[in-house]
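# Results of the structural survey
Given next are the chains, with one letter for each unit.
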Amino acid sequence: MSASSTVEPTVLEILGDVLSETPDDLYAEPVLAAHGWDSIASLEALAQLEDRLQITLDLRSFHAAHTVPDLVALVTETVVADKARIP
């Protein structure tokens, strides 16, 4: 099972909870700002993603992610990189 197939549902669940949207709605309109993505939603999602996935996201990269696919890709890359560091 690839990292993206296990990470994506978690990212969508967290975004859905934070933005009160379904995964289908998030993919129908992937631009996060269209769903009320603001600084508070961003911080809440960041905290939940880091806590649930036990990762630390690069803050600049996180804020540069403006769409759902961007955010899924960033989180997946971080999870893969973290796993590669574990001996």
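Refer to the preceding data block for the structure.
Summarised in this report is the structure supplied together with it. (Residues numbered from 1 in each chain as written. Predicted model: local features only at pLDDT ≥ 70, side-chain atom pairs only at ≥ 80, totals over all residues. Heavy atoms only, no water.)

### Thoughts on the overall build of the protein chain
Regarding its fold elements, the protein chain presents five helices and zero strands. Going residue by residue from the N terminus, the α and β elements of the protein chain occur as α-α-α-α-α. Across the 87 residues in the protein chain, those meeting the buried criterion constitute 37%. Of all intrachain contacts in the protein chain linking residues separated by at least 6 positions in sequence, the fraction that spans at least 24 positions is 53%. Roughly 5100 Å² of accessible area belongs to the protein chain as shown, and the carbon and sulfur atoms make up 56% of that amount. (Helix = DSSP H or I, 4+ residues; strand = E, 2+ residues; numbered from the N terminus. Buried < 20%, exposed > 50% of the residue type's maximum accessible area, 1.4 Å probe, protein only. Contact = heavy atoms within 4.5 Å. Areas by Shrake-Rupley, 256 points an atom, 1.4 Å probe, with all protein chains shown as cover.)

### Overview of the side chain of T67
Mapping T67 onto the fold places it in the loop between α4 (59-64) and α5 (68-85). Among the polar contacts listed, one links the side chain of T67 to the side chain of D70, at a separation of 3.1 Å. Excluding its chain neighbours within four sequence positions, the residues that come into contact with T67 are P30, V31 and L32. (Polar contact = N/O pair within 3.5 Å; in protein donor to acceptor, adjacent residues only side chain to side chain.)

### Quick notes on helix α3 (residues 39-53)
Helix length check: α3 (15 residues) gives 21 Å between terminal C-alpha atoms against 21 Å at 1.5 Å per residue, within 8%. Regarding α3, the residues found buried are A41, S42, A45, L46 and L49. Angular distribution of buried residues about the axis of α3 spans 135°; they occupy a single face of the element. In α3, the exposed positions that point more than 90 degrees away from the buried face belong to S39, I40, L43 and D51. Where α3 begins, the side chain of D38 points an oxygen toward the backbone nitrogen of I40, at a separation of 3.2 Å. In the stretch just after α3, Q54 is the one whose phi turns positive, near 55°. (Expected span 1.5 Å × (residues − 1). Arc of directions from axis to C-beta.)

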